[in-house]
Amino acid sequence: MHLKWKTLLAMLNKPALTIAFIDSGVGGLTILDEVVKLLPYENFIYLADYCGFPYGQKNQKELLTRLETVAQFLMSHKIDILVIACNTASTTFLAHLRQQFGIPIVGVIPPIKLAAKLSKTKVIGILGTSTTVKTAYTQKLIDDFAQGCQVVSVGSPSLVEAAERKLQGLSIDLSAIAAQLEPFRQAKNLDTVALSCTHFPHLIEEFRQLGFNYINFVSPAEGVARQTALVAKAHRATHSQDKPSVMKAFCTKNISFTKERVAEITLFYEKRSMIVEWVSL
Ligand code: DGL
């Protein structure tokens, strides 16, 4: 009994875990949002790599160099878990990063399995960056989990831009968004789309405004949050302190509007304050 109390007290006194997120911009906030709901007492670092933006338009070598640079920077902050909150990065270099860095790394991959499961018509869409829709990893997900489905893939760098503009408070062109989604409108009976870029859940409202309410747009965010919580539990039991977590963000480019916007966005998402710092990487 005495020993049990001692263990319990030790657990309560354990410091929070530090969980870091990487994305090229505001996309990974859609993942952070869900993770915070499940792990409200841990500490979080969000890295918006605007210097490397957009990841989906980089060649493999450039992308790997960016990912190694930002991951190395986060490692110097003694992080416990790294979430690659980006489908482009995860479907290309997740295995590589896991090998390179000796901490648990959670990836975000296209929710094709979920989309295939939820689709009634078995006609599904995949909406990602031009890189993600073409990777061998994505093809394997289709082969493994969407065998019986007709799959319509759309790779769209301009939707990534639109999501950034929206969250940075700039105007967005609805007709340009509609043009990107046209292949889904054309596909007969398509009822489900796997959102395979973390930026795209930010545009759900616009997709609905454009008349796509008949499509179920599925995001991997909740699944990633559950996975991160499992990893956190395996790492060590999360503590139950009633203390708000520390939320910190780094941006790798000094974009004049970003500091306020990131803080605002995060406040909107997490309803807590956040420290934002520029870092040159
Ligand atoms: N949000 C990222 C993804 O999930 C990358 C978007 C980009 O920078 O091209 O793929």
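That block above? That's the structure.
Computed from a prediction, not measured in an experiment: that's the story for all the values here.

1. Examining the pattern of salt bridges
Summed over the entire model, instances satisfying the criterion amount to six salt bridges. Where Lys 166 meets Glu 206, a salt bridge forms, and the shortest distance between an N and an O atom there is 3.1 Å. Here the residue Lys 166 occupies a position in helix H8 (residues 157-167), and Glu 206 occupies one in helix H10 (residues 204-209), the gap between them amounting to 40 residues. Residue classification places Lys 166 among the partly exposed residues on the basis of a relative accessible area of 23%. Its relative accessible area of 7% is what places Glu 206 among the buried residues.

2. Section: the site of the ligand
In the vicinity of the ligand lie 14 residues, with Ser 24, Tyr 55, Gly 56, Thr 88 and His 199 positioned nearest. With respect to the ligand, the side chain of Asp 23 contributes an N or O atom lying 3.0 Å from a nitrogen atom. In the environment of the ligand, an oxygen atom lies 2.7 Å from a nitrogen or oxygen atom belonging to the backbone of Tyr 55. Compared with its free state, where it exposes 300 Å², the ligand has 99% of that area covered by protein.

3. Quick word on the nonpolar core
Among the nonpolar cores identified, the biggest contains 29 residues, and Ile 19, Phe 21, Ile 31, Leu 32, Phe 44 and Val 83 are the most heavily contacted of them. Among the secondary structure elements, those contributing two or more residues to this core are strand S1 (18-23), helix H2 (29-38), strand S2 (43-48), strand S3 (81-84), helix H11 (221-235) and strand S9 (247-251). Sorting elements by how many residues they give to this core places H11 first, with six residues.

Calculation rules
Residues numbered from 1 in each chain as written. Predicted model: local features only at pLDDT ≥ 70, side-chain atom pairs only at ≥ 80, totals over all residues. Heavy atoms only, no water. Salt bridge = Lys/Arg side-chain N within 4 Å of Asp/Glu carboxyl O. Helix = DSSP H or I, 4+ residues; strand = E, 2+ residues; numbered from the N terminus. Buried < 20%, exposed > 50% of the residue type's maximum accessible area, 1.4 Å probe, protein only. Near = heavy atom within 4 Å. Polar contact = N/O pair within 3.5 Å; in protein donor to acceptor, adjacent residues only side chain to side chain. Areas by Shrake-Rupley, 256 points an atom, 1.4 Å probe, with all protein chains shown as cover. Core = buried A, V, L, I, M, F, W, Y, C linked by side-chain atoms within 4.5 Å.

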